[in-house]
Amino acid sequence: MAEIHMNKLSYYQKIQSSFIILILLPILVITVLSYKTIKDNVVEKIELSNRSVLNLVSKDITKLVDDFNYVTHFYVKNAETIRTLTNFSETEKIKRYRDYDNYQKVVTSFDFISIKMLNSDIHMFLVNNKEFIVPYSEGISGKTASLNDLSNHWKRLQPRINVNQASHLQSLGLVNNLNEEGDSYYYFSRIINHPKNGQSLATLNIGISDEYFKRLFQSAKTGKLALFDQNGNLIAGDHTISYKDEDGRNGEIRDEVVIPISKWLLIHETSKEEVTGEITKNFFLSTVLVAVFFFIFLLMISLLMAKRLHSPIQKLSFVATQFGKGKHDVRFLPEGKDEINELGKTINHMLDEIKGLIEKIEKEQEEKRAIELQALFAQIRPHFLINTLNSIKCSLFINNDYEHADKINALMSLLRAYMKIEEPSTIESECKLLSHYIEIMRMRTEVNVELKVEIQEQVKNIKLPKLLLQPFIENAIVHGFSEKSSGEITIHANKKDEWVVIIISDNGRGMDENQLLDLKQMIKSGSEGVSYNRVGLMNIVKRIKLYYGSNGDIDLQRNDNGGLTIVIQIPINSKKKVKKDD
């Protein structure tokens, strides 16, 4: 029907229609695609820039909060400071020299942490049980906050403090000055109790001025920043930013980062309209100009040009039709340098790329089939080996050679476990598999190793990756008992709150303190060291991090038997599950 309809058009109309289809539409498509590509690239670059700014700002805030944590931890743990605060805790005012001496010791205690508090935007003061306030002198300017201001701050902070939470730093929120021209401060407090009798000694308060955040947020050249506490209350920044991204990022480029310890949420938002508005404007302007010039172009075409133009268009149509039918070698032959021939060259280039992609896909499919065949052949070998070992085991049983039959059975159990390494196991199953492994290692190393297993009933069926514990046992035998003829390995598994704790201990030769520290550092950093050859240890560390994320933990300790104790802690209900795809 379309062909009959085209035959009813005049020759000139056919040319005009051909130009509309082959020129105008491709131009519009390319323009739209270019607009979208440019827009996406600009948005991506802005996102990268914003993320860089967000990381810089978050690092500065994280360092400040870490300093606060260090300062308060110092006051809780330092014995000299505890003695000073014990003598000062009930001082109501300075009446005698002893009161003055205790006051000066408290002021002097600030010197130990002054290097951490070199910031003119911070107020820090200590309040004893009688509400006697001792201010900290600013490390940069030497100025001390007004006692009247600090007293007003304390009156509003005191009701927010939980006196029963002395174990950690408390986040108390904003305190605005009574004077509207003064700065607002966001405060942290730490209850300081006597470590032995639990007696309340003092409260250490640290406040951050909102001027600090204002100057810090000025580093964002585009968009806006906002900082929220863990309850969703705005600490500093633009009040138009919401704590939760309820709109799903519609119209905004949004990045978030959580500040450790304080659990603050730092958010950076940039309006997409601000970034892409000029691009959109230029796109619509160029689209209008293309449409106008194309309309003028159509009006200027004459019948004299139609014949010349019609021929290359037919060729283009022929090339496209033949290529669509599977003749991938057909190409347009340019006969000039006009727009139609240039379009033909572009189409040739496009067809070359399409042909290359088709050949690449076909090659990849062939390679995929070859890999699948290799995988099938690879599966045959271990099955063949297990079947052969099973035959040997049966033959040994028939000949009453139960000792070697049991060793063959243990080896088969290990081979089956290796073949199904992707499938999850249980703690009970892993420990049974370890008994088979030790049976084989007794034969290989001639070391009489005894395995003792104590598993709490609640954790027997807890899932964990297959062969997770085997490398630890292997290290104990190969390294710990290398100079011994016998040894003992114990495994304890029990439930502690919402965690499973697996403790593996041996009475081997262990290692010295420096080696232990180096090995702990290697586990913590996640990079393999050059001084140790621990079989599979880093592999297990990576598997635990892969399956359990930051929730999984491994610790190494020296035990009373001279050997090494490994403590593995994993969550019972982990958000990360063991998957075959992993």
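Scroll up a little and you will see the structure.
In this convention, every chain numbers its residues from 1, walking through the sequence in written order. Where local features are concerned, this predicted model is filtered to residues with pLDDT of at least 70; where side-chain atom pairs are given and counted, the filter is 80 or more; whole-chain, interface and lining totals use all residues. To obtain the side-chain values, all non-hydrogen atoms of the structure were used and water was disregarded.

(A) Summary view of the packing of helix α3 (residues 79-88) against helix α4 (residues 97-109). Each axis is a line fitted through C-alpha atoms, and for a helix only the stretch in contact is used; angles between axes span 0 to 180 degrees, taken between their N-to-C directions. Strands here are runs of E lasting at least two residues and helices are runs of H or I lasting at least four, both read from the DSSP assignment and numbered beginning at the N terminus. For the pair α3 and α4, interaxial distance at closest approach is 9 Å and the crossing angle is 145 degrees. Crossing geometry of α3 relative to α4 is assigned as left-handed. Here α3 contributes Thr 81, Thr 84, Leu 85, Asn 87 and Phe 88 to the contact with α4, which in turn contributes Asn 102, Tyr 103, Lys 105, Val 106 and Ser 109. Nonpolar residues are Ala, Val, Leu, Ile, Met, Phe, Trp, Tyr, Cys and Pro. Charged residues are Asp, Glu, Lys and Arg, and all others, Gly as well, are polar. Here the contact of α3 with α4 is composed, by residue class, of four nonpolar, five polar and one charged. For a crossing to be left-handed, the near helix must be turned anticlockwise from the far one by less than a right angle; the clockwise case is right-handed. Whether two residues are in contact is decided by their heavy atoms: any pair within 4.5 Å suffices.

(B) Quick look at the sheet that holds strand β7 (residues 234-237). In short, DSSP must find at least two bridges between two strands for them to pair. Read across the sheet, four strands follow the order β7-β6-β9-β8 without closing on themselves; strand pairing throughout is antiparallel. Looking at strand neighbours, the two that pair on one side only are β7 and β8 (252-259), the edges of this open sheet. Ignoring which end each strand starts from, the neighbouring axes of this sheet average 20 degrees apart. In this sheet, strand β9 (residues 264-271) lies alongside β8 in antiparallel orientation, the contact comprising eight bridges. Bridge pairing in β9 places Val 258 opposite Leu 265.

(C) A look at α4. Expected helix span is given by 1.5 Å per residue-to-residue step, counting one fewer step than there are residues. The end-to-end C-alpha distance of α4, which contains 13 residues, comes to 18 Å, matching closely the 18 Å that a straight helix rising 1.5 Å per residue would cover. For every residue, the accessible area obtained with a 1.4 Å probe (protein chains only) is divided by the maximum for its type, and the residue is called buried under 20%, exposed over 50%, and partly exposed between those limits. Along α4, the positions that sit buried rather than exposed are Asp 99, Asn 102, Tyr 103, Val 106 and Ser 109. End-on view of α4: buried residues confined to an arc of 120 degrees, all on one side of the axis. This arc describes the spread of directions from the helix axis toward the C-beta atoms.

(D) Summary view of the environment of Gln 165. Relative to the elements of secondary structure, Gln 165 occurs in the loop between α5 (147-157) and β3 (170-175). When residues no more than four places from it in sequence are discounted, the contact partners of Gln 165 are Gln 170 and Ile 191.

(E) Inspection of the sheet that holds strand β15 (residues 553-558) at higher detail. One open sheet accounts for five strands, arranged β11-β13-β14-β16-β15; its pairing is mixed. Across the chains shown, the open sheet's two edge strands, defined by having one partner strand only, are β11 (448-455) and β15. Taking each pair of neighbouring strands and ignoring which way they run, the sheet shows an average axis angle of 15 degrees. Examined bridge by bridge, strand β14 (residues 499-506) and strand β16 (residues 564-571) share seven bridges and lie antiparallel to one another. Within the sheet, the bridge partner assigned to Ile 503 lies in β16 and is Val 567.

(F) Quick peek at the packing of helix α11 (residues 427-445) against helix α12 (residues 470-480). The contact between α11 and α12 brings their axes to 11 Å, and the two run at 25 degrees. By the criterion of interaxial angle, the relationship of α11 to α12 is roughly parallel. Where α11 crosses over α12, the two elements pack in a sense that is right-handed. Seen from α11, the contacting residues are Leu 434, Tyr 437, Ile 438, Met 441 and Thr 445; seen from α12, they are Gln 470, Ile 473, Glu 474, Ile 477 and Val 478. Residue composition of the contact of α11 with α12, grouped by class: seven nonpolar, two polar and one charged. Should an angle lie under 35 degrees it is considered roughly parallel, over 145 roughly antiparallel, and from 65 to 115 roughly perpendicular; all remaining angles are considered oblique.

(G) Representation of the nonpolar core. Put simply, a nonpolar core is a bunch of buried Ala, Val, Leu, Ile, Met, Phe, Trp, Tyr and Cys residues held in one set by side-chain atoms that sit within 4.5 Å of each other. The biggest cluster of nonpolar side chains holds 50 residues, and the ones touching the most others in it are Ile 427, Ile 473, Ile 477, Ile 489, Ile 502, Ile 504 and Ile 568. A total of eight residues in this core trace back to one element, the largest contributor, which is α11. The next biggest cluster of nonpolar side chains, apart from the first, holds 45 residues, and it includes Val 57, Phe 74, Phe 110 and Phe 217.

(H) The arrangement of unusual backbone geometry in detail. Here the phi dihedral of Glu 131 falls at roughly 60 degrees; this positive angle occurs in a residue that is not glycine. In this fold, Glu 131 is placed in the loop between β1 (122-128) and β2 (133-135). Assessed through its relative accessible area of 42%, Glu 131 is described here as partly exposed. With phi around 60 degrees, Asp 497 is a residue other than glycine that occupies positive phi space. On the secondary structure map, Asp 497 appears in the loop between β13 (486-496) and β14.

(I) Main features of the side chain of Gln 170. Here Gln 170 is to be found in strand β3. If we skip the residues at most four places from it in the chain, Gln 170 touches Arg 160, Ile 161, Asn 162, Gln 165, Tyr 187, Phe 188, Ser 189 and Ile 191.

(J) Fine view of the pattern of salt bridges. By definition, a salt bridge exists where a carboxyl oxygen of Asp or Glu is found within 4 Å of a side-chain nitrogen of Lys or Arg. Applying the stated criterion to the full structure yields 17 salt bridges. For Asp 67, the salt bridge goes to Lys 63, with nearest N and O atoms at 3.2 Å. Within this pair, Asp 67 and its partner Lys 63 are both found in helix α2 (residues 11-77), separated by four residues, close to a single helical turn. Using a relative accessible area of 7% as the deciding quantity, one classes Asp 67 as buried. Lys 63 sits in the exposed class, given a relative accessible area of 53%. Where Arg 331 meets Asp 352, a salt bridge forms, and the shortest distance between an N and an O atom there is 2.7 Å. One end of the pair, Arg 331, is in the loop between α8 (303-324) and α9 (339-398); the other, Asp 352, is in helix α9, with 21 residues separating them in the sequence. The structure contains a network of salt bridges with shared partners spanning Arg 254, Glu 256 and Glu 269.

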